[in-house]
Amino acid sequence: MGTLKDPATGRSMTLGARCLFGRHPACDVRIDEPRVSGEHASLHWMGDRWELRDLGSRNGTFVEGRRLSPGERVPLACDATFSLAGQGAAFVLVDADPPGAAARSEASGALRAASGGILVLPDEDRPLVSVFEDSAGRWVLEMGDEVRPVVDHEVIHVGGEAFTLELPRCEAETWQSEGGGLVLESVHLRLAVSGDEERVRTTVVLRGQETTLPLRTHHYLLVTLARAWLSGSGKVEAQRGWVDRDVLCRMLATDVNKLNVDIHRARKQFAALGIQNAAGIVERRPGTGELRIGVRGVEVTRM
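K.L.:
Before we go on, may I ask you to explain the overall build of the chain in this structure?
P.N.:
When helices and strands are counted, the chain shows 4 helices and 26 strands. The C-alpha extent of the chain, read off along each of the three principal axes, is 70 × 45 × 35 Å. In the chain, which comprises 303 residues, the share counted as buried stands at 47%. Contacts spanning at least 24 positions in sequence make up 50% of the contacts within the chain whose residues lie at least 6 apart. With the model as given, the accessible surface of the chain reaches about 14400 Å², and the carbon-plus-sulfur share is 47%. Distance between charge centres in the chain, computed from 37 positive and 42 negative side chains, equals 1 Å.

K.L.:
Is there a simple way to explain empty space enclosed by the protein in this structure?
P.N.:
Any space left empty among the atoms is revealed by the rolling of a water-sized probe across them. The tally for this structure, following the rule as stated, stands at 1 cavity of 30 Å³ or more. As a volume, the largest cavity reaches approximately 70 Å³. Lining the largest cavity are Pro-127, Leu-128, Ser-130, Glu-142, Met-143, Gly-144, Asn-260, Ile-263, His-264, Arg-267 and Arg-284. Contributions of two or more residues to the lining of the largest cavity are made by strand S15 (126-133), strand S16 (139-143) and helix H4 (256-271). Ranked by the residues each element gives to the lining of the largest cavity, the list is headed by H4, at 4 residues. When its residues are assigned to classes, the lining of the largest cavity shows 4 nonpolar, 4 polar and 3 charged.

K.L.:
What is the right way to look at the environment of Val-129 in this model?
P.N.:
Take Val-129: it is sitting in strand S15. Here Val-129 falls in the buried class, since its relative accessible area comes to 1%. Linking Val-129 and Asp-54, residues 75 residues apart in sequence, is a C-alpha distance of 35 Å.

K.L.:
Can you walk me through the pattern of salt bridges in this structure?
P.N.:
In a structure, side chains of opposite charge can pair up when their charged atoms sit close to one another. Evaluation of the coordinates by the stated rule reveals 25 salt bridges. Between Arg-190 and Glu-210 there is a salt bridge, with the nearest N and O atoms lying 3.3 Å from each other. With Arg-190 in strand S20 (residues 188-193) and Glu-210 in strand S22 (residues 209-212), the pair connects residues that are 20 residues apart, well separated along the chain. For Asp-262, the salt bridge identified is with Lys-258, shortest N-O distance 2.9 Å. Of this pair, Asp-262 and Lys-258 both sit in helix H4, separated by 4 residues, roughly a single helical turn. Under the relative-accessibility criterion, Asp-262 is labelled buried at 8%.

K.L.:
Just checking my understanding: could you explain the packing of helix H2 (residues 219-231) against H4 for this structure?
P.N.:
Two quantities define a packed helix pair, namely the angle between the axes and the distance from one axis to the other. For the pair H2 and H4, interaxial distance at closest approach is 9 Å and the crossing angle is 95°. Between H2 and H4, the angle falls in the class roughly perpendicular. Here His-219, Leu-221 and Leu-222 of H2 lie close against H4, whose contacting residues are Leu-259, Asp-262, Ile-263, Ala-266, Gln-269 and Phe-270. In terms of residue class, the contact of H2 with H4 is made up of 6 nonpolar, 2 polar and 1 charged.

K.L.:
Is there a simple way to think about the sheet that holds strand S5 (residues 41-45) in this case?
P.N.:
The strands making up a sheet are joined through hydrogen bonds of the backbone, oriented either antiparallel or parallel. With mixed pairing, 5 strands are arranged side by side in an open sheet as S4-S3-S5-S6-S9. A strand with exactly one partner marks an edge of an open sheet, and here the two such strands are strand S4 (29-30) and strand S9 (73-76). Bridge count for S5 against strand S6 (residues 50-54) is 5 bridges, and the pairing is antiparallel. Paired with Ala-41 across the strands is Asp-54, a residue of S6.

K.L.:
Even after reading the chapter, I still don't get the sheet that holds S16, so can you show me in this structure?
P.N.:
Here 4 strands make up an open sheet; going across it, the order is S14-S15-S16-S17 and the pairing antiparallel. Each having just a single partner strand, strand S14 (119-123) and strand S17 (146-149) make up the two edges of the open sheet. For this sheet, the mean angle separating the axes of adjacent strands, direction not counted, is 20°. In this sheet, S15 lies alongside S14 in antiparallel orientation, the contact comprising 5 bridges. Each bridged residue has a counterpart across the sheet, and for Asp-123 the counterpart in S15 is Arg-126. Against the sheet, H4 engages S14, S15 and S16, with an angle of about 35° to S15.

Parameters and conventions
Position numbers for residues count from 1 along each chain, tracking the sequence in the order it is written. The predicted origin of the model limits local features to residues at a pLDDT of at least 70 and limits the giving and counting of side-chain atom pairs to 80 or more, whereas totals for whole chains, interfaces and linings rest on all residues. Based on all heavy atoms of the structure, the side-chain values leave hydrogens and waters out of the count. Runs of H or I in DSSP of at least four residues are treated as helices and runs of E of at least two as strands, each being numbered from the N terminus. Type-normalised accessible area, obtained with a 1.4 Å probe on protein chains alone, sets the label of each residue: buried when under 20%, exposed when over 50%, and partly exposed for intermediate values. Every residue pair with non-hydrogen atoms within 4.5 Å of one another is taken to be in contact. For every accessible area listed, the method is Shrake-Rupley and the probe measures 1.4 Å; residues are considered covered only by the protein chains on display. Neither His nor the chain termini are counted; the positive set is Lys and Arg, and the negative set is Asp and Glu. Think of each charge as sitting on NZ of Lys, CZ of Arg, CG of Asp or CD of Glu. Buried and open spaces are told apart on a 1 Å grid over the protein atoms alone, a cavity being a set of points where a 1.4 Å probe fits but cannot get out and a pocket being an open set with protein on both sides within 12 Å along at least five of seven lines. Residues with an atom within 4 Å of a point are the lining residues. Grid points are joined across faces, edges and corners, and a volume is the space filled by probe spheres set on the points. The nonpolar class holds Ala, Val, Leu, Ile, Met, Phe, Trp, Tyr, Cys and Pro. Asp, Glu, Lys and Arg form the charged class, and all remaining residues, Gly among them, are polar. We define a salt bridge as a contact between a side-chain nitrogen of Lys or Arg and a carboxyl oxygen of Asp or Glu at a distance within 4 Å. To get an axis, a line is fitted to the C-alpha atoms, and for a helix only the part in contact is used. The angle between two axes follows their N-to-C directions and goes from 0 to 180 degrees. These descriptions rest on fixed angle ranges, namely under 35 degrees for roughly parallel, over 145 for roughly antiparallel, 65 to 115 for roughly perpendicular, and the rest for oblique. For two strands to count as paired, DSSP must find a minimum of two bridges between them.

This is how it looks when you write it as C-alpha cells:
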C-alpha cells in the first residue's frame, strides 16, 4: 500500500486515503519547522493515482524541485520526491499502490492501517471490529453479530474509544473488469486432518496451482466449518453450513475473543496469498451469531 519515506531519518510511513502535512498538531504528518505552514500540503488517493496539493502555503511545496502554484494539484508517481518550504522537509513516495482501510483514533490521532486488506480494531490481539471489502466491492464492518456497510469518515466506537474511518475508493469493479484477479470464489480448499485431530494440512488450489500453508492452530476452525458445510449438502446454499457462534466455541473448546483472533488470522493468511476478498474465508450471518466457511469448493480428508 502507499508508503512515504523520509530520506533524512529513514523513517517510512503507511498512507491512509488522505494525508495532511503541516505544523499544526492535528496534521497527519506534523513538521516542527517554522517555515512550514500550519496546514501546508495534502496527499490524496484519487482512485487510480496519488495526488499532491499545495494548500496555499507561504513557503511553497516543491515536486522534483519545481514549486507548485498555491492550490495546484499534481499526480505523484512511484519514487517521486517532494518537499515543503524548500528543503524544510522532504519525502519520497516509495510505494504508489492504493491505500488500504485505516482508522484514526480521535483521542490520540494515531492512525491504524489495514494489514492484508483487513482493518482490525482496536488491535490484532483484540479484534473486536473488522473492516474489509466484501465480494460486491463494498466496505463492511463486523462487530459481534453486526455486519453492515460503512462509509468514509464514519466514526465508530470500539472498546470505549472513538475511531474515524479512512476508506479509499473500492477497487472491486476494477478487478472484476480486468478479469485477472485472484478471488476467493475461485479457490478450492483441501483440508487433511491427522487421526488424532491435532494437525491440519491446508492446501489452497487456485488456477491449477497448489499452495500448502504453514501449519497453524486456527486451521481447525476451517475444518469445523467445512464439515458443517459438507454435512448440509441437501440444503439450499443460503441455509447451508451455518454454525452458531456459541456452539462453535464449545466445539473448539475456546471463547469468543480467541475465536475472533482465529478468524482474523485465517483471513490474513489467505490475504497474504494475494486473494482479493480474502476476509470472506469465514462468513458471518448478520444478526444471528452464525458463521460458515466462505468457499464452496472444499474437501476434508485424513492425512
